[in-house]
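# Working through the structure, step by step
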Amino acid sequence: MRLVLVLLSILLLSLQVKGQNLKEFSSETLSKIRLQSNLARSSPDGHFIPAVIIKKDGTEISDVALRYNVYSNTMQFKRNGTILNIYETDKIERIIMGDKVFVYAPYNDARRIRLSYFQLLNEGKYQLLKMYKVVSDGTAEKPMANDFSSYEKSNAYYYLRYGDGMANLIDSQKKLIKILQPVPQEVIDYILKYNIKATNERDLIDLMEFINK
């Protein structure tokens, strides 16, 4: 563990760090950062893709290639041929990898508070988050990290998070309405009218856009 932290510190010192104030992110800012990440040079290892790390103090770390390991729920980087995990997750505001944005947030799991990486799907009054889970039967080869197409549909769980609070699982329409309370009647009417489903990503994104109008 100590060796990993030392190597991580060396990596962070070697990266380009910009002292921009990014504590508040507009859609325009996020779009620009995603574009910068997409235009960055490709990683020689297909598992890793160019990324931008935005820390809670507002600094930005670019020129780094990361991969999200869905099996261990960790962000990883490679240094001198060794794959290492990023452990200082409490200092990270978000990580942008190509066209995906990840945040690290607390959530309830069987009455225990845990922490996890979530993909940020929509941001306004609430954050709409997506958790990836993979259950391996031990026989098939694990899909490549960052190859989201292999598991993002059948193994996705959706959460709502108010501000920087706890992420709450949306497992039913009734639970969705409960999480949103107090909420105007027009929002409840929208949910019922369009039969918003807890497992339909497009439905949930449309609902968040309606709430944030």
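Structure's up top.
What this report covers is the structure whose coordinates are included nearby.

Quick notes on the rules
Residues numbered from 1 in each chain as written. Predicted model: local features only at pLDDT ≥ 70, side-chain atom pairs only at ≥ 80, totals over all residues. Heavy atoms only, no water. Helix = DSSP H or I, 4+ residues; strand = E, 2+ residues; numbered from the N terminus. Buried < 20%, exposed > 50% of the residue type's maximum accessible area, 1.4 Å probe, protein only. Areas by Shrake-Rupley, 256 points an atom, 1.4 Å probe, with all protein chains shown as cover. Pairing = 2+ DSSP bridges. Core = buried A, V, L, I, M, F, W, Y, C linked by side-chain atoms within 4.5 Å. Phe/Tyr/Trp six-rings, centres within 6.5 Å; stacked < 30°, edge-to-face > 60°. Polar contact = N/O pair within 3.5 Å; in protein donor to acceptor, adjacent residues only side chain to side chain. Contact = heavy atoms within 4.5 Å.

### A few points about the overall build of the protein chain
In terms of regular secondary structure, the protein chain is built from 5 helices and 11 strands. Burial status across the protein chain gives 42% buried among its 213 residues. Here the protein chain displays about 12,300 Å² of accessible surface, and carbon together with sulfur accounts for 49% of that area.

### Digging into the pairing of strand 8 (residues 112–123)
Both strand 7 (residues 100–109) and strand 8 contribute to a ladder of 8 bridges, which runs antiparallel. In the sheet register, Val 103 faces strand 8, and the bridge partner there is Phe 118. Counting the residues that bridge the hairpin from strand 7 to strand 8 gives 2 residues, and of these Ala 110 lies at a positive phi of roughly 55 degrees. The hairpin turn running from strand 8 into strand 9 (residues 126–132), its antiparallel successor, is 2 residues long.

### Digging into the nonpolar core
Leu 160, Ile 170, Leu 176, Leu 180 and Leu 207 are the most contacted members of the largest nonpolar core, which totals 23 residues. If you list the elements that add at least two residues to this core, you get strand 9, strand 10 (156–162), helix 3 (173–180), helix 4 (185–193) and helix 5 (201–211). Core analysis: the next-biggest nonpolar cluster, separate from the first, contains 17 residues, Ile 61, Leu 84, Ile 92 and Ile 95 among them.

### A word on the packing of aromatic side chains
According to the stated counting rule, one finds 9 aromatic pairs in the structure shown. Pairing Tyr 107 with Phe 118 gives two aromatic rings, centres 5.8 Å apart and planes at 85 degrees, and the pair type is edge-to-face. Here Phe 118 lies in strand 8 and Tyr 107 lies in strand 7, a separation of 11 residues in the sequence. Accessibility classification places Tyr 107 together with Phe 118 in one group, the buried group. Ring pairs connect the aromatic residues Tyr 68, Phe 102, Tyr 104 and Tyr 117, which therefore count as one cluster.

### Here we look at the side chain of Gln 119
Take Gln 119: it is sitting in strand 8. For Gln 119, a relative accessible area of 9% corresponds to the buried category. At 2.3 Å, the side chain of Gln 119 and the side chain of Tyr 132 are in polar contact. If near-sequence neighbours (up to four positions away) are discounted, Gln 119 is found in contact with Lys 100, Val 101, Phe 102, Leu 128, Leu 129, Lys 130 and Tyr 132.

### Some words on unusual backbone geometry
In the segment running from Gln 181 into Pro 182, the intervening peptide bond is cis, with an omega of -5 degrees. Take Pro 182: it is sitting in the loop between helix 3 and helix 4. With a phi angle near 55 degrees, Asn 73 is a residue other than glycine that sits in the positive phi range. Mapped onto the secondary structure, Asn 73 falls in the loop between strand 3 (60–69) and strand 4 (74–79). Note on Asn 73: relative accessible area 23%, which makes it partly exposed. Positive phi, close to 50 degrees, is recorded for Asn 195, a residue that is not glycine. In this structure, Asn 195 sits in the loop between helix 4 and helix 5.

So far we have only geometry, and geometry alone does not tell us how the molecule works.
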